[in-house]
Amino acid sequence: MGLTKQYLRYAASAVFGVIGSQKANIAYVILKGGERGRYVAVAACEHVFVWDVRKGEKVLILQGNKQEVTYLCPSPDGIHMAVGYEDGSILIFSLLNGESNVAFNGHKAEVTVIKYDHLGA
């Protein structure tokens, strides 16, 4: 007669976790005319993920360059997101379609702070 060992079985539950890079901040954004506090943008290595906090779903991915994201700053109008990178570059993404049309490459070190003024510049 042999002895058997029983192990507890763990199953996934209906919980999600927003996982982000250590170097960057987390920023709330407004998408598709939604309410404030529903969507959150987090850095994930070289990309930025936008999560719907209520549904627990990823709704938008901002495809970045080969460097790690170091800072996120949404514009006051909620249409754009400025993303700073480890190599000193800054990309401006549209939150409507996720594309980047503007790039700044003047810094020699990583971007640690980005701030829009009240006019959006």
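Before going into details, it helps to say that this report is about the structure given with it. Treat the numbers as computed from the prediction; the structure is a model and nothing was measured.

Moving on: the side chain of Ser 75. By secondary structure assignment, the location of Ser 75 is in the loop between β5 (69-74) and β6 (80-85). For Ser 75, a relative accessible area of 8% translates into the label buried. Looking at Ser 75, its side chain comes within polar contact range of the side chain of Asp 77, at 2.4 Å. Residue contacts for Ser 75: discarding those within four places in its chain leaves His 80 and Tyr 116.

Scanning the model with the defined rule gives three salt bridges in all. Each of Lys 23, Glu 86 and Glu 110 takes part in salt bridges that share partners, so that together they form one network.

A few words on the pairing of strand β2 (residues 39-44). Of all six residues in β2, six are buried, a share of seventy percent or more. Here strand β1 (residues 26-29) runs beside β2; their pairing, made up of four bridges, is antiparallel. Bridged to Tyr 28 within β2 is Val 40. Looking at chain direction, β2 and strand β3 (residues 47-52) are connected through six bridges and run antiparallel. Bridging from a neighbouring strand, Ala 43 pairs with Val 48 of β3.

Turning to the sheet that holds β5, a few remarks are in order. Across the sheet, which stays open at both edges, the four strands sit in the order β5-β6-β7-β8 with antiparallel pairing between neighbours. One side of each edge strand has no neighbouring strand; the edge strands of this open sheet are β5 and β8 (100-104). Geometrically, the sheet is characterised by an average inter-axis angle of 20° between neighbouring strands, direction not taken into account. Where β5 and β6 come together, five bridges link them in antiparallel fashion. Bridge pairing links Val 69 to Tyr 85 in β6.

Turning next to the side chain of Ser 89. For Ser 89, the location among the structural elements is in the loop between β6 and β7 (90-94). Within polar-contact distance, the side chain of Ser 89 engages the side chain of Asn 65 at 3.3 Å. If we ignore the near neighbours within four places in the chain, the residues touching Ser 89 are Asn 65, Val 83, Gly 84, Phe 104, Asn 105 and Val 111.

Conventions used here
- Residues numbered from 1 in each chain as written.
- Predicted model: local features only at pLDDT ≥ 70, side-chain atom pairs only at ≥ 80, totals over all residues.
- Heavy atoms only, no water.
- Helix = DSSP H or I, 4+ residues; strand = E, 2+ residues; numbered from the N terminus.
- Buried < 20%, exposed > 50% of the residue type's maximum accessible area, 1.4 Å probe, protein only.
- Polar contact = N/O pair within 3.5 Å; in protein donor to acceptor, adjacent residues only side chain to side chain.
- Contact = heavy atoms within 4.5 Å.
- Salt bridge = Lys/Arg side-chain N within 4 Å of Asp/Glu carboxyl O.
- Pairing = 2+ DSSP bridges.
- Axes fitted to C-alpha atoms, helices over the stretch in contact; angles between N-to-C directions.

Geometry only, nothing functional implied.
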